[in-house]
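Fold and geometry: a report
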Amino acid sequence: MVDFSFTEEQEIFRRTLREFCEKEIAPKAREMDTKMEIFEDVIKKMAKQKLFGFMIPEEYGGAGADCVTACIVAEELARADISCATAVLYLVDAGWSFAFYRYANEQLREEVLPKITRGEGFIGIASTEPHVGSDVAGFKTMVKKRNEKLVVNGEKAYISLVREISKYGGGYFAIGYSEPEKVHRGMTAFYLPLDKPGIKTTLYEDMGRNALSTGGFTLENVELPEHYLLGEWNKGFYYFMEGFQLARVLVAAACLGCASKTLEIGMDYIKQRMVFGKPLAKYEGIQFSLADNYTAIEADRLLTYRAAWAVDKMYKEGFTKERSHKVAMLSALAKLRAPYDAYKACNDVQEWLGAYGYTRECEVEMAIRGVRSYSVGAEGGQNIMRIIIARELLGSEYIPYK
């Protein structure tokens, strides 16, 4: 049996969440983008709604939600704040706090997770380095054991939440080489707060998604407690790949929300804008553009929630290599299409709006700048998604880097 419906509980949750977002987030989205920060009162209200650490079990203060419901949140936040900044804060924390929960020991869970769920800190992802993203063989960051400590040296770049974690607390699900001669089999994951001696941070200027920070940090002989190790030594690469699968689905869901809201803004405009005595909506050129974009986003919605369903099924029935490969394929399909289609929808709506769409008075320009970030590397570049899909179709012997 195939069932494309959400549960009654999920439908009620979406309606309640949309009311919250329209009241507490949407009116502040432009101001947050201009002032380049997600306001503290918004963060506190999101925490009160249990939106941080959303998939973490209730025993640590989380909502204990599944991936499908987590996607609903990403979609609704991006509808309310089409700059995508609020959605990124949520989805990075939701995806990687769950990965953290899966691989942190109990001491570390109790130390970190209750603060995350209260909005007193966030968990991000720290893998990319200045000249290396998806090519893990080029990573330079090293993690070693010394005197019952983890000692880290290296540098991370293009990392989300640097300002927010520096201000509020929390840390990163980070990765480095423990035995570089083993390549991906010699990578180890660890928890990295930003308040340790030897860490120097910097912030970048993005073209969009202004309310949320992107930056980097250098790591010079940074000492971490031994219990900050995540999972087993030399298994970090596999934990990261698992985490990326979840994060990609959440990214796709945020694209759906941004694009859907932008199309609604466009439809409202073309019904009212008169051209040669007729509403702009009567012209086929506009109608066909609307129909094509709406169809693409609806197709992406099916891909995204199918991938979310597969994630939930994998964790419910047990994590296996076969199920992981299926999730990798589906999450890559969703991540490949949703950012492209969302960007096209936003760009087309801006053209419907003409000169008005090019002004900061029009919120659509925020959507174009924000959603663009999802196709230029966030949670894996688009060509990496193509490689993953081709790998699953052809077999691992056809991977280009082998």
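Above this text sits the structure in question.
Everything numeric in this text was worked out from a predicted model, so none of it was measured.

Quick word on the overall build of the protein
Broken down by element type, the protein carries 12 helices and 10 strands. Relative to its length of 402 residues, the protein is compact, with a C-alpha radius of gyration of 21 Å against a globular reference of 21 Å. In terms of overall dimensions, the protein has C-alpha extents of about 80 × 50 × 40 Å along its principal axes. Across the 402 residues of the protein, 55% fall into the buried class. Counting contacts in the protein only where the partners sit at least 6 residues apart, residues at least 24 apart contribute 73% of the total. In the structure as shown, the protein presents an accessible area of about 18,400 Å², 52% of it carried by carbon and sulfur atoms.

Describing the nonpolar core
Core analysis: the largest hydrophobic core is formed by 133 residues, its most contacted members being Tyr-90, Trp-96, Phe-100, Tyr-172, Leu-192, Phe-217 and Tyr-374. In terms of residue count, the dominant contributor to this core is helix α8 (residues 236-272) (19 residues). In this structure, Tyr-374 is in contact with Cys-84, Ala-87, Val-88, Leu-91, Val-251, Ala-254, Cys-255, Lys-335, Pro-339 and Gln-382, ignoring residues within four places of it in sequence. Ala-328, Ala-332, Ile-388 and Ile-389 belong to the second-largest nonpolar core, a separate cluster that totals 7 residues.

With respect to the side chain of Glu-75
Tracing the backbone through its elements, the reader meets Glu-75 in helix α4 (residues 67-80). The exposure class assigned to Glu-75 is buried, which follows from its relative accessible area of 4%. Among the polar contacts listed, one links the side chain of Glu-75 to the side chain of Tyr-305, at a separation of 2.7 Å. Beyond its immediate sequence surroundings of up to four residues, Glu-75 is in contact with Arg-14, Ala-253, Ala-254, Leu-256, Gly-257, Arg-301 and Tyr-305.

Description of the packing of helix α10 (residues 321-352) against helix α11 (residues 364-371)
As a packed pair, α10 and α11 sit with axes 9 Å apart at the nearest point and diverge in direction by 155°. As far as their axial angle goes, α11 and α10 are roughly antiparallel. Crossing angle aside, the handedness with which α10 passes α11 is left-handed. Contact residues: Ala-342, Tyr-343, Cys-346, Asn-347, Val-349 and Gln-350 in α10; Val-364, Glu-365, Ala-367, Ile-368 and Val-371 in α11. Here the residues of the contact of α10 with α11 sort into 8 nonpolar, 2 polar and 1 charged.

A few points about unusual backbone geometry
A positive phi angle, near 65°, is found at Lys-50, a position not held by glycine. Overall, the relative accessible area of 40% leaves Lys-50 in the partly exposed class.

Looking at the pairing of strand β3 (residues 149-160)
Within a regular strand, side chains alternate between the sheet's two faces. Bridging between strand β2 (residues 142-146) and β3 involves 5 bridges; their strand directions are antiparallel. The residue of β3 that forms the bridge with Lys-145 is Leu-150. Joining the antiparallel neighbours β2 and β3 is a turn of 2 residues, in which Asn-147 adopts a positive phi near 50°. Relative to strand β7 (residues 214-225), β3 is paired through 9 bridges, and the arrangement is antiparallel. Across the sheet, the residue bridging to Ser-160 is Thr-214, located in β7.

Overview of a nonpolar patch on the surface
A cluster of nonpolar side chains, Val-2, Phe-4 and Leu-302, forms an exposed patch at the surface whose accessible area comes to about 380 Å². Structurally, Phe-4 can be placed in the segment before α1 (8-24). Judged by relative accessible area, Phe-4 falls into the exposed class, the value being 70%.

Description of the packing of α4 against helix α9 (residues 284-317)
Two elements in contact, α4 and α9, have axes separated by 8 Å at closest approach and are oriented at 140°. Judged by the inter-axis angle, α4 sits oblique to α9. Facing Cys-67, Val-68, Cys-71, Ile-72 and Glu-75 of α4, the residues of α9 in contact are Arg-301, Thr-304, Tyr-305, Ala-308, Trp-309, Val-311 and Asp-312. Grouping the amino acids of the contact of α4 with α9 by side-chain chemistry returns 8 nonpolar, 1 polar and 3 charged.

What about the layout of surface pockets?
Space inside the second largest pocket adds up to approximately 780 Å³. Considering the residues around the second largest pocket, the lining is formed by 21 residues, among which Asp-3, Phe-4, Tyr-305, Arg-306 and Trp-309 are closest to the centre. Of the residues that constitute the lining of the second largest pocket, the class distribution is 9 nonpolar, 3 polar and 9 charged.

Parameters and conventions
Residues numbered from 1 in each chain as written. Predicted model: local features only at pLDDT ≥ 70, side-chain atom pairs only at ≥ 80, totals over all residues. Heavy atoms only, no water. Helix = DSSP H or I, 4+ residues; strand = E, 2+ residues; numbered from the N terminus. Rg over C-alpha atoms; globule rule 2.2 N^0.38 Å. Buried < 20%, exposed > 50% of the residue type's maximum accessible area, 1.4 Å probe, protein only. Contact = heavy atoms within 4.5 Å. Areas by Shrake-Rupley, 256 points an atom, 1.4 Å probe, with all protein chains shown as cover. Core = buried A, V, L, I, M, F, W, Y, C linked by side-chain atoms within 4.5 Å. Polar contact = N/O pair within 3.5 Å; in protein donor to acceptor, adjacent residues only side chain to side chain. Axes fitted to C-alpha atoms, helices over the stretch in contact; angles between N-to-C directions. Parallel < 35°, antiparallel > 145°, perpendicular 65-115°, else oblique. Left-handed = near helix turned anticlockwise from the far one by under 90°. Nonpolar A, V, L, I, M, F, W, Y, C, P; charged D, E, K, R; others polar. Pairing = 2+ DSSP bridges. Patch = residues over 30% accessible without salt bridge, like charges linked within 9 Å, V, L, I, M, F, W, Y side chains within 5 Å. Salt bridge = Lys/Arg side-chain N within 4 Å of Asp/Glu carboxyl O. 1 Å grid on protein atoms, 1.4 Å probe; cavity = no way out; pocket = protein on both sides within 12 Å on 5 of 7 lines; lining within 4 Å. Points joined across faces, edges and corners; volume = space filled by probe spheres on them.

Function cannot be read off these values alone, since they describe shape.
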